[in-house]
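Given next are the chains, with one letter for each unit.
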Amino acid sequence: MLADFIVFPGDAEMKLVPKCSTGRVLLLKFRDSTSRRFFYWMQEPKDDKDETLITKVNELIENPPDPSQAAEGGHGLPPGFLGVPASQLQSLLGGIGSGRGGSRVLDHHQLMELLNS
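Since this is a predicted model, take the numbers as computed values, not measurements. All residue numbers here refer to positions counted from 1 along the written sequence of the relevant chain. Totals for whole chains, interfaces and linings use all residues, but because this is a predicted model, local features are given only for residues with pLDDT of at least 70 and pairs of side-chain atoms are given and counted only at 80 or more. Side-chain measures here rest on the full set of heavy atoms in the structure, leaving out hydrogens and waters.

1. Examining the side chain of Asn-58
Argument step 1. Strands are runs of DSSP state E lasting at least 2 residues, helices are runs of H or I lasting at least 4, and numbering of each runs from the N terminus. Mapped onto the elements, Asn-58 comes out in helix H1 (residues 50-62).
Argument step 2. Partly exposed residues are those whose accessible area sits between 20% and 50% of the maximum for their type, while under 20% is buried and over 50% is exposed, using a 1.4 Å probe and protein chains only. Given a relative accessible area of 17%, Asn-58 falls into the buried group.
Argument step 3. Within the structure, the side chain of Asn-58 is placed 2.7 Å from the backbone nitrogen of Met-14, a separation counted as a polar contact.
Argument step 4. Residues are treated as being in contact if the distance between any of their heavy atoms lies within 4.5 Å. Excluding residues within four positions of it along the chain, Asn-58 makes contact with Glu-13 and Met-14. Throughout this description, a polar contact denotes any pair of N or O atoms lying within 3.5 Å of each other; where both atoms belong to protein, one of them has to be capable of donating a hydrogen while the other can accept it, and for residues adjacent in sequence the pair is counted only when both atoms sit in side chains.

2. As for the pairing of strand S3 (residues 37-41)
Argument step 1. By this definition, two strands are paired if DSSP reports at least two bridges between them. Pairing of strand S2 (residues 25-30) with S3, which is carried by five bridges, proceeds in the antiparallel orientation. By the bridge assignment for S3, Val-25 is matched with Trp-41.
Argument step 2. Linking S2 back to S3 in an antiparallel pair, the connection comprises six residues.

3. Some remarks on the packing of aromatic side chains
Argument step 1. Put simply, two rings from Phe, Tyr or Trp (the six-membered ring, in Trp's case) pair if the centres are within 6.5 Å, and we call them stacked under 30 degrees between planes, edge-to-face over 60, tilted for the rest. Counted under the stated rule, the structure contains one aromatic pair.
Argument step 2. Look at Phe-30 and Phe-38: their rings are 6.1 Å apart centre to centre, the planes differ by 80 degrees, and that puts the pair in the edge-to-face class.
Argument step 3. With a relative accessible area of 1%, Phe-30 lands in the buried category.
Argument step 4. The class of Phe-38 is partly exposed, set by a relative accessible area of 27%.
Argument step 5. Against the face of Phe-30 rests Arg-36, its NZ or CZ located 3.8 Å from the ring centre. Criterion for a charge above a ring: Lys NZ or Arg CZ within 6 Å of the ring centre, and within 35 degrees of the ring normal.

4. What to know about the sheet that holds S2
Argument step 1. The three strands are arranged S1-S2-S3 in an open sheet whose pairing can be described as antiparallel. At either end of the open sheet lies a strand with only one pairing partner, and these are strand S1 (12-16) and S3. Mean inter-strand twist for the sheet, computed between neighbouring axes without regard to direction, equals 20 degrees.
Argument step 2. Strand contacts of H1: S1 and S2, with the helix running at about 175 degrees to S1, the strand carrying the most contacts. Angles here are taken between N-to-C directions and fall from 0 to 180 degrees, while the axes themselves are lines fitted to C-alpha atoms, restricted in helices to the stretch in contact.

5. Things to note about H1
Argument step 1. In a regular helix each residue adds 1.5 Å, so 13 residues correspond to 18 Å; H1 covers 18 Å between its end C-alpha atoms and thus fits that length.
Argument step 2. By the burial criterion, the buried members of H1 are Asp-50, Leu-53, Ile-54, Lys-56, Val-57, Asn-58 and Ile-61. To estimate how far a helix should reach, multiply one less than its number of residues by 1.5 Å.

6. Here's the deal with the confidence of the model for the protein chain
A low pLDDT means the predicted coordinates there should not be read in detail.
Argument step 1. Every residue gets a pLDDT, meaning the predictor's confidence in that residue, from 0 to 100. Across the protein chain, pLDDT averages 74, with 57% of residues at or above 70.
Argument step 2. Element-level pLDDT for the protein chain is lowest in helix H2 (residues 67-71), with a mean of 55, against a maximum mean of 93 in S1.
Argument step 3. Across residues 96-103 the pLDDT falls below 50, and counting only partners more than four positions away or on other chains, this stretch makes 10 contacts in the model.

7. Topic: the environment of Phe-38
Argument step 1. Along the polypeptide, Phe-38 turns up in strand S3.
Argument step 2. In this structure Phe-38 touches Phe-5, Leu-26, Leu-27, Leu-28 and Phe-30, once residues within four positions along its chain are discounted.

So, in structure tokens, the structure goes:
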């Protein structure tokens, strides 16, 4: 199942579910609702980057890229964002199809490549 969420700063938080004994599960919890919770099973066998991934996702939720930069032809991310050089970001984002309103849309593989770099 593929789900798209519109998340505004302060609306949600990603957390590790500590009570899961059969693997690693992340929870995306919307703060304004007890029923809007989404669980994600981590398929990466190594857990050494879990905290970094959770921190990056929460940073993106709290401080999303400026959409006006993407609309002006930029990538909408600050230089060196997430420790990735601007040239690599431009390379990653250069082949992405345009979404509505001139914004760029990452597919799952592109997002994971960006987060894992």
